[in-house]
Amino acid sequence: MTAHVYERLSAFLDEELPDADRADVDLHLESCPECAQRLAELRAVDALALTLSGDAEPGPDLSARVRARLEKSREASRPRSTPWWWAAAAAVVLSVVPWMIVREAPPSESSRPVTGEKAAAPEKDAAKQAAPAPAAPKVQLAPPPQTRKGLSPSFNRAAKPAPVARDAKKRTDMAPIDGALEDAGSGEAFSPPAPAAAAPEPREEQKAERSDTGRVRAQAGFAGAPAASRRQGAQDPELAAIDAAAEAYQRGRRPEDLRRLRALADEYLRAPERAGAAHVRELLAAAGAEESRGR
Amino acid sequence: MAKAQGGNLSAYEELVRRYQRRVYAVAVRIVRRHDVAEDVAQEAFLRGYQALDRFELGRPFGPWIARISANLAFNHVRSPRAREQELPQEHGEMPSGQEGPLETLLDREASAVLSEALAGLPGEQRAVFTLRVFEELSYQEIAETLGISAGTVMSRLSRAREKLRTAVVPYLGRAKGKASVSR
């Protein structure tokens, strides 16, 4: 009789032994009542175990709790995908907007002040695509400096070119003209430049007009003299008469007015150290020059 | 099942309802604690959902999800913390009230002793016994489920059965004459 096969009885019961082992155990069991008895007891234990009810059951809300956790897990996983979506959208916007701005900028744009105006380009471009504009001068494609339709007032305010910078530039450009006016002694009170930020557009036009007039007067030779002498004439009647004669000659170029001007001037210059002597001499010289041109 | 695999939570919830008792039973037989078994069952269903794309349609879902539960329970009983908290008497299984062929052979006392003996087994041995007897898994399947070798399954199962036999054998006398012990 071979040795007992206690250790292999469990696997023999489960039919998990290799064929050779199984044959050995089979052979042994036929001649060993002890091992056969133990095998019967093992089988009874299994059978007894199967009669044990798992009387404890899961809570009634197990399925609901599982579902709740799954839904929570889904919610938690959504933000992970959101950055990808937003990153893609941001990439598209960042790549398209600069292209549209460049495309919108007219060739003359380089001479314009760089402001937030350009931010309106995509919308304008879209508007143009919706309603194709007729052939128009290139300058009309550029928006008016301070008005851009389709944008909110706040955006327009923010994008409006800074008046300080533009006005300051104009003032610098106009400086020679203003100087000519003063040199010509137009007599008009040239008020000091108003604060650039408060300077409205019409003032620039007025200044341009003034500078044109001043330029003509300066070329005439005695342009500002009558008014200048008028300032002094308020205190000197002789000088006031000279200025009136000069103005009369300037208006009509009549010889009698010239003769009157020269007579009054000679009388005035006869007395030494007259305050307006230099001014009167200028008037005479200018009148003479004018007379020569008229001939 | 196909709906659940497609992400339909309601369909999966229905699967949970259908198999929750089995999944819980496997867990509680191994961990022997109701609260832990609840957590194990819940986690098993969550992991099952996450692994649904690897589940082959047409195969039974019950054994698949039960094995997930057994794996989680087995990992629990192997942890040092579980060994400290082992309460073998808390949820010992009791004989069912159902009348059956064996119920007439084995009295309730024998069942109580067996339940106590099961609770007293080391967790690793109890897990192997549970998967073999209650889930009827092969040694290879048990080995795969628990991450151990088939040889280890064989030896642990043999030792577990021997302990249980020793515990209940005094109560098997009356049953011996009635229950067949033949193969």
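Residues numbered from 1 in each chain as written. Chains lettered and ligands numbered in written order. Predicted model: local features only at pLDDT ≥ 70, side-chain atom pairs only at ≥ 80, totals over all residues. Heavy atoms only, no water.

Engineer: Please give an account of the overall build of chain A that cites residues and values.
Structural biologist: In terms of helices and strands, chain A carries 13 helices and 1 strand. Taken from N to C terminus, the helices and strands of chain A fall in the order α-α-α-β-α-α-α-α-α-α-α-α-α-α. Scored against the burial criterion, the 295 residues of chain A give a buried share of 33%. Within chain A, contacts between residues separated by at least 24 positions form 58% of all contacts whose residues are at least 6 apart in sequence. Within the structure as shown, chain A displays about 18,200 Å² of accessible surface, and the carbon and sulfur contribution to it stands at 58%. (Helix = DSSP H or I, 4+ residues; strand = E, 2+ residues; numbered from the N terminus. Buried < 20%, exposed > 50% of the residue type's maximum accessible area, 1.4 Å probe, protein only. Contact = heavy atoms within 4.5 Å. Areas by Shrake-Rupley, 256 points an atom, 1.4 Å probe, with all protein chains shown as cover.)

Engineer: Which residues make up the overall build of chain B, and what values do they have?
Structural biologist: When helices and strands are counted, chain B shows 10 helices and 1 strand. N-terminal to C-terminal, the α/β element order of chain B is α-α-α-α-α-β-α-α-α-α-α. Split into buried and exposed, the 183 residues of chain B put 51% on the buried side. Here chain B displays about 8,600 Å² of accessible surface, and carbon together with sulfur accounts for 48% of that area.

Engineer: Break down the pattern of salt bridges for me, citing the residues and quoting the values.
Structural biologist: Side chains bearing opposite charge may pair, as long as their charged atoms lie close to each other. In this structure the tally under the stated criterion is 21 salt bridges over all chains. A salt bridge links R21 of chain B to E57 of chain A; the shortest N-O distance between them is 3.1 Å. Separated into two different chains, R21 of chain B in helix α2 (residues 9–31) and E57 of chain A in the loop between β1 (52–53) and α4 (62–104) make up a pair that spans both. With its nearest N and O atoms 2.9 Å apart, the salt bridge here joins R67 of chain A to E13 of chain B. Of the two residues, R67 of chain A is situated in helix α4 and E13 of chain B in helix α2; the pairing between them involves two chains. Classification of R67 of chain A as partly exposed rests on a relative accessible area of 23%. (Salt bridge = Lys/Arg side-chain N within 4 Å of Asp/Glu carboxyl O.)

Engineer: Break down the interface of chain A and chain B for me, citing the residues and quoting the values.
Structural biologist: On the chain B side, the residues contacting the 41 residues of chain A number 51 residues. Summed over both sides, the interface of chain A with chain B buries roughly 4,500 Å², with 60% coming from carbon and sulfur. On the chain A side of the interface with chain B, the three residues burying the most area are L48, L52 and L70 of chain A, jointly 14% of the side's total. If you look at where chain A meets chain B, you find 9 salt bridges. (Buried area = accessible area lost by both parts, 1.4 Å probe.)

Engineer: Let's hear about the packing of aromatic side chains: which residues, and what values?
Structural biologist: Geometrically, a pair of aromatic rings is defined through the distance of the ring centres and the angle of the planes. All names here are of chain B. Summed over all chains, the structure comprises 6 aromatic pairs over all chains. Ring plane angle 65° and centroid distance 4.9 Å describe the contact between Y12 and Y49, whose orientation is recorded as edge-to-face. Taken together, the residues Y12 in helix α2 and Y49 in helix α3 (residues 34–50) connect sequence positions 37 residues apart. The exposure classification of Y12 matches that of Y49, with both residues buried. With 5.6 Å between their ring centres and 45° between their planes, F61 and W64 make a pair best called tilted. You can see F61 and its partner W64 sitting in helix α4 (residues 61–78), 3 residues apart, about one turn around the helix. (Phe/Tyr/Trp six-rings, centres within 6.5 Å; stacked < 30°, edge-to-face > 60°.)

Engineer: Residues and numbers for the confidence of the model for chain B, please.
Structural biologist: All names here are of chain B. Counting all residues, the mean pLDDT for chain B is 83, and 80% of those residues have values of 70 or more. Ranking the elements of chain B by mean pLDDT puts strand β1 (residues 94–95) last, at 50, and helix α9 (residues 150–168) first, at 95. Predicted confidence for residues 175–183 stays below pLDDT 50, and this span has 16 contacts to residues more than four positions away or in other chains. Interface confidence for the predicted complex, given as ipTM, is 0.80, next to a pTM of 0.50. (pLDDT = per-residue confidence, 0-100.)

Engineer: An account of the environment of L258 of chain A is requested, with residue identities and associated values reported.
Structural biologist: All names here are of chain A. Following the sequence through the fold, L258 ends up in helix α12 (residues 255–270). Look at L258 and you get buried, because its relative accessible area is 4%. Contact partners of L258, with chain neighbours within four places excluded, come to Y249, A287 and E291.

Engineer: Explain helix α3 (residues 33–51) of chain A to me, using residue names and the numbers behind them.
Structural biologist: The terminal C-alpha atoms of α3 of chain A, which comprises 19 residues, lie 27 Å apart, in line with the 27 Å expected from a rise of 1.5 Å per residue. Here α3 of chain A lies mainly inside the structure; 14 of its 19 residues are buried. (Expected span 1.5 Å × (residues − 1).)

Engineer: Would you mind going over the packing of helix α1 (residues 6–13) of chain A against α9 of chain B in detail, with residue names and values included?
Structural biologist: Here α1 of chain A crosses α9 of chain B at 105°, and the two axes come no closer than 9 Å. Judged by the inter-axis angle, α1 of chain A sits roughly perpendicular to α9 of chain B. The segment α1 of chain A lies against α9 of chain B, with E7, S10, A11 and L13 of chain A engaging M154, L157, S158 and R161 of chain B. Of the residues that constitute the contact of α1 of chain A with α9 of chain B, the class distribution is 4 nonpolar, 2 polar and 2 charged. (Axes fitted to C-alpha atoms, helices over the stretch in contact; angles between N-to-C directions. Parallel < 35°, antiparallel > 145°, perpendicular 65-115°, else oblique. Nonpolar A, V, L, I, M, F, W, Y, C, P; charged D, E, K, R; others polar.)

Engineer: Quick one: what's the story with the confidence of the model for chain A, residue by residue and with numbers?
Structural biologist: For chain A, the average pLDDT comes to 63, and 47% of its residues sit at 70 or higher. Low pLDDT, under 50, characterises residues 108–224 of chain A; the stretch is placed with 100 contacts to residues that sit more than four places away or in other chains.

Engineer: Got a sec to walk through the nonpolar core? Specific residues and values, please.
Structural biologist: One recurring pattern in soluble globular proteins is that nonpolar side chains are buried together. One finds Y12, F45 and F129 of chain B to be the most contacted residues of the largest nonpolar core, which totals 77 residues. The biggest single contributor to this core is α2 of chain B, with 13 residues. Filtering out sequence-adjacent residues up to four positions away, F45 of chain B remains in contact with L62 and V66 of chain A together with Y12, V16, Y19, Q20, V23 and I65 of chain B. Counting residues in hydrophobic clusters, the runner-up holds 13 residues, among them A246, Y249, V280 and L284 of chain A. (Core = buried A, V, L, I, M, F, W, Y, C linked by side-chain atoms within 4.5 Å.)

Engineer: Please set out unusual backbone geometry residue by residue, giving values where relevant.
Structural biologist: Residue and element names in this part refer to chain A. Residues other than glycine seldom take positive phi values, yet E15 does so here, at roughly 55°. Considering the arrangement of structural elements, one finds E15 in the loop between α1 and α2 (19–31). For E15, a relative accessible area of 60% puts it in the exposed group.

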